[in-house]
Structure formats: structure tokens, C-alpha cells
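Inside the fold
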Amino acid sequence: MRDVRSALCIALDGTDLEWIEATARTVAPHAGWLKVGLEGFTAHGPDLVRRVGQLGSRIFLDLKLHDIPATVSRAAANCAVSGADMFNVHAGGGAAMLRAAVEGARSAATSQPPKVLAVTVLTSLDHQALSELGLPIAPDELVVRWARMAQSCGLDGVVASAKEAPLVRRACGPEFLIVTPGIRPAWAAGDDQKRIVTPAAAIADGADVLVIGRPVTRADDPAAAAQRILQEMSEGASAS
Ligand code: C5P
């Protein structure tokens, strides 16, 4: 039986430090991963990674780095020093930048280096938006192309929509991590997410880690909501 707890990542999206820490304490027993994103990081800096990291779950630092290779290399080193277990960069930064991220993380890690993920095509970009950017290619084709590039540059995996997980899995094999946001249980509001997928379907489609925020963190009972999602993930694992 697959350990679905290690496949659940709760996004701690908020600015208020007390709220972030209280929510993290409540959900940590139910989630293998906690995600610190731009909102919390720009308010509280690397110290937030250290504080939340003390709760026992692994930390996904979601800063989506995108800059010249030298800058990304040093920022990646800082991510490793902060104690993050995983962080991400934009695949669109190009192969040299992706390699620099991996090298930066490895150079600074004192023990196990953090996993490095590439954000493929943002789920907010459709075919038309890609054409406007001068990329006349279907989003799912670009996801696969960038996932392959990230893998060849030594990255551990990608952030992608669960809808693209089967394509990425076929292209990149069983060891490549697929981390998927845009997850919504049938009983939760969609919020601003578009192309949403249920927890069971995401697991059945081959996602390794599901990133879920508001359905848990804004629920009346976040621990119960996380438990309900774990149950659904188990059902998806049994069906796959
Ligand atoms: O609250 P919700 O479940 O929508 O949170 C989703 C999290 O995943 C947010 O932290 C958001 O930044 C992140 N994310 C996303 N869609 C992407 C990439 C990341 O929602 N395509």
C-alpha cells in the first residue's frame, strides 16, 4: 500500500506568521510536505523555512526562480542553506540556468541536496497565450519538451498539471518526480484554479506529490480536510 501521506503537500499560502505557523502545526501530522511560497517568503524570508521545517514535514520552497545562470546558482545555494528539501525554477530560463540551479544547490548542501524541480508551462498559459509569447506550440507538447530538457540537465522532476502527468511519465520514466498543483476534491470550491483534477485522479494519473492549499488551509477543520484527501488519494492509488 502506497504511503499517501508522503505524497501530500499542503501550501501554506498566507502572510500572517501566526496563521502560517498555527496552520502548519495543525496539518503537519497529515502531510509529508509543507509548501512555503512567494507570499510567506517575501514577508518572512528564509527564517520561515527554518521555523516550519521544525514541525517534521519536508519543506518545498516554491519561489519559481528565473534569472541568469549565475544569479540562479547563488539563489539555489541559498535555498539549500535555508533547509528546503525541494525548490523550483522556471524551465523557460533555459538549459544553462537549469544546470546552474542543480550545481548551486549541490555546492551548498551540507547533507542531502534539495530536490530541484522545473516549472513547465504555467497552467494559466493556453495555446493562444503561448503564440503571443512567440511559442506557437500546444501547451502539452511544450510541457513534455521542457520536462525532457529539465531531466537532461539533472533536475529531479517537474511541476505540471495532473492532466499532463501521464505524458510526462511516458517521456521521462518512473523515477522522475511529478508534482501537481490545481487539485480540488469534489466537495471543495474551485477558487481561481482552472483545469482542476481530484486527488484520486491525480494519483491514478501518476502524480508523485499533490500540492493542495485552500481546500485544507481554509477549511473549518483543516486536519479533517487533510484526512479526507488522504483517504481519496488512497482510493486513487488502489485504482491505479
Ligand atoms: O489553494 P490552492 O490549492 O489553489 O493552492 C495551490 C498552490 O499551488 C498555490 O500555492 C499556487 O502558488 C501553486 N500553483 C498553482 N498552479 C500552478 C503552479 C503553482 O496553483 N500552475
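Residues numbered from 1 in each chain as written. Predicted model: local features only at pLDDT ≥ 70, side-chain atom pairs only at ≥ 80, totals over all residues. Heavy atoms only, no water.

**Thoughts on the pairing of strand E8 (residues 209-212)**
Judged by which residues are buried, E8 turns out to be covered on both faces: Val 209 and Val 211 on one side and Leu 210 and Ile 212 on the other are all buried. Both strand E7 (residues 177-180) and E8 contribute to a ladder of 2 bridges, which runs parallel. The partner of Val 179 across the bridge, within E8, is Val 209. In this region the chain leaves E7, passes through helix H9 (residues 199-204) and returns to the parallel neighbour E8; the handedness of that crossover is right-handed. (Buried < 20%, exposed > 50% of the residue type's maximum accessible area, 1.4 Å probe, protein only. Helix = DSSP H or I, 4+ residues; strand = E, 2+ residues; numbered from the N terminus. Pairing = 2+ DSSP bridges. Right-handed = clockwise from strand over helix to strand, strands pointing away.)

**Description of the nonpolar core**
Counting 65 residues, the largest nonpolar core has Leu 8, Leu 34, Phe 87, Val 89, Leu 155 and Met 233 as its most contacted members. It is helix H11 (residues 222-239) that contributes the most residues to this core, 6 residues altogether. Sequence-distant contacts of Phe 87, that is, excluding residues within four places in its chain, are made with Phe 60, Leu 61, Leu 65, Ala 76, Cys 79, Ala 101, Ala 105, Pro 114, Lys 115, Val 116 and Leu 117. By size, the runner-up hydrophobic cluster in this structure holds 12 residues, among which are Phe 60, Val 159, Leu 177 and Val 179. (Core = buried A, V, L, I, M, F, W, Y, C linked by side-chain atoms within 4.5 Å. Contact = heavy atoms within 4.5 Å.)

**Digging into the site of the ligand**
Taken together, 13 residues lie near the ligand, and Asp 13, Lys 35, Gln 193, Gly 213 and Arg 214 sit nearest. The contact in question runs from an oxygen atom of the ligand to an N or O atom on the side chain of Lys 35, over 2.7 Å. Calculation on the ligand without its partners gives an accessible area of 470 Å², and the protein chains cover 83% of this total. Listed by contribution, the elements that provide at least two residues to the shell around the ligand are E8 and helix H10 (214-217). Taken together, the residues of the shell around the ligand break down into 5 nonpolar, 3 polar and 5 charged. (Near = heavy atom within 4 Å. Polar contact = N/O pair within 3.5 Å; in protein donor to acceptor, adjacent residues only side chain to side chain. Areas by Shrake-Rupley, 256 points an atom, 1.4 Å probe, with all protein chains shown as cover. Nonpolar A, V, L, I, M, F, W, Y, C, P; charged D, E, K, R; others polar.)

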